[in-house]
Amino acid sequence: PEIAKHTVNALPRPYSGAYLTTLCECTLLLLSMTLIQFPNVKKADYAIVSTLPSKMAVSNNKKTTRSIFVIAFQRKFLIAALGGFVSWSAMAVQMSATPLAMTRAGYQFSQSTTVIEFHLLGMFVPSFFTGTLCNLLGSRLVMLAGLLIQLTGALLFQRGFQFNHFNLGLIIVGVGWNFGYVGASALLTESHRHDEKQKTHSLYEAIVMSSISIAFFSSAFMEQRFGWITLTGKIISTYLALAVLIVFVDTVLALFQSKDVRMPLPTNDEDIQTPA
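The shown structure was predicted, so the numbers you read here are calculated from the model rather than taken from an experiment. (Residues numbered from 1 in each chain as written. Predicted model: local features only at pLDDT ≥ 70, side-chain atom pairs only at ≥ 80, totals over all residues. Heavy atoms only, no water.)

Caption draft 1: Region of interest: the confidence of the model for the chain. On average, residues of the chain carry a pLDDT of 86, and 86% of them reach 70 or more. Looking across the chain, the model is least confident in strand E2 (residues 272-273), with a mean pLDDT of 38, and most confident in helix H9 (residues 163-188), with 96. Scored below 50 in pLDDT, residues 265-276 makes 23 contacts in the model with residues more than four places away or belonging to other chains. (pLDDT = per-residue confidence, 0-100. Helix = DSSP H or I, 4+ residues; strand = E, 2+ residues; numbered from the N terminus. Contact = heavy atoms within 4.5 Å.)

Caption draft 2: Structural detail: the layout of surface pockets. Roughly 990 Å³ of volume is contained in the largest pocket. Forming the walls of the largest pocket are 23 residues, and the residues nearest its centre are Ala4, Tyr19, Pro99, Phe109 and Thr113. For the lining of the largest pocket, the elements supplying multiple residues, two or more each, are helix H1 (2-7), helix H2 (16-33), helix H5 (75-104), helix H6 (109-124) and helix H10 (197-226). By residue class, the composition of the lining of the largest pocket is 14 nonpolar, eight polar and one charged. Here the lining of the largest pocket spans two domains, and each of domain 1 (1-31) and domain 2 (67-258) adds at least three residues to it. (1 Å grid on protein atoms, 1.4 Å probe; cavity = no way out; pocket = protein on both sides within 12 Å on 5 of 7 lines; lining within 4 Å. Points joined across faces, edges and corners; volume = space filled by probe spheres on them. Nonpolar A, V, L, I, M, F, W, Y, C, P; charged D, E, K, R; others polar. Domains from an automatic or database assignment.)

Caption draft 3: Structural detail: a nonpolar patch on the surface. A contiguous nonpolar patch, built from Phe118, Leu121, Val125, Phe128 and Phe129 and spanning about 540 Å² of accessible area, is present on the exposed surface. Secondary structure elements with two or more residues in the nonpolar patch: H6 and helix H7 (127-137). Look at Phe129 and you get partly exposed, because its relative accessible area is 40%. (Patch = residues over 30% accessible without salt bridge, like charges linked within 9 Å, V, L, I, M, F, W, Y side chains within 5 Å. Areas by Shrake-Rupley, 256 points an atom, 1.4 Å probe, with all protein chains shown as cover. Salt bridge = Lys/Arg side-chain N within 4 Å of Asp/Glu carboxyl O. Buried < 20%, exposed > 50% of the residue type's maximum accessible area, 1.4 Å probe, protein only.)

Caption draft 4: Here's a closer look at the pattern of salt bridges. Scanning the model with the defined rule gives seven salt bridges in all. Glu2 is paired through a salt bridge with Lys5; the nearest N and O atoms lie 3.1 Å apart. With a gap of three residues between them, Glu2 and Lys5 both fall in helix H1, about one helical turn apart. By relative accessible area, which is 23% here, Lys5 ends up partly exposed. By sharing partners, the salt bridges in this structure join Glu2, Lys5 and Glu117 into a single network.

Caption draft 5: Region of interest: the packing of aromatic side chains. Enumeration according to the criterion identifies 11 aromatic pairs in this entry. Centroid distance Trp88 to Trp177: 5.0 Å. Interplanar angle 75 degrees. Geometry classified as edge-to-face. Pair noted here: Trp88 is in helix H5 and Trp177 is in helix H9, with a separation of 89 residues, a long-range link. Taken individually, Trp88 and Trp177 each receive the classification buried, so the pair is uniform in this respect. A ring pair is formed by Trp88 and Tyr181, whose centres lie 5.6 Å apart and whose planes are at 75 degrees; its orientation type is edge-to-face. With a gap of 93 residues between them, Trp88 in helix H5 and Tyr181 in helix H9 connect regions that are remote in the sequence. For the residue pair Trp88 and Tyr181, the accessibility class agrees, reading buried in each case. An aromatic cluster is present here, built from Tyr107, Phe157, Phe161, Phe163, Phe166 and Trp228 joined pairwise through their rings. For Arg225, the ring lying beneath its charged end belongs to Phe226, and the centroid distance is 5.3 Å. (Phe/Tyr/Trp six-rings, centres within 6.5 Å; stacked < 30°, edge-to-face > 60°. Lys NZ or Arg CZ within 6 Å of the ring centre and 35° of its normal.)

Rendered as structure tokens:
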């Protein structure tokens, strides 16, 4: 955002300087990525170890690979995907629509980019301790807290069009996104075995990236069609409230089943053992 402030009028056409600078930044990022050497990871052998003594010897050397459909229809995967989808999409709509709403309210470009700066800090600063919270409280509770925090930020926008409402509201939305997304990502790791990691995370990222694309491409239309107050107060708030309800019910079920929401639930293949 600071670079955008100084380059927005660098060329005759407004905003073209900021877009050109962003293109240069992405090019440098791609070039730096080519310098990274990723190690080759070999898949280890995973075998079913039955709890029945008569079947232990037979199943000891048997390789199993679950279908992606089997993995995707687990409750843990569905809840993790829901948390990631909602966290990303709700945040993206509000973040990208905020500068439009601020421009309509008479604020300058530098003021809207300042709001985005603080929003980015809200998004990523909590990452220093969100993982610790997942270990202490469990990924479900952290994800649920994130969705509630995002809902609080969306409702704060209903207070009016003052600068502090935009600024504080978007900071809260950023913090909520961090809790929601990190909690969902932590829960995702409980839904797959080590040898299923690549395809499971690929599906999860495809779902999350789809939500981002939908949110960013629809945010301008939704803000112009419904207005800022209706967008955040009715559409996004209802969207987040439904997600909170679903995750809350799942958290209660998890607590009922395991007696400790921090502990991962047993899966249908709980007798599968993997090497340490």
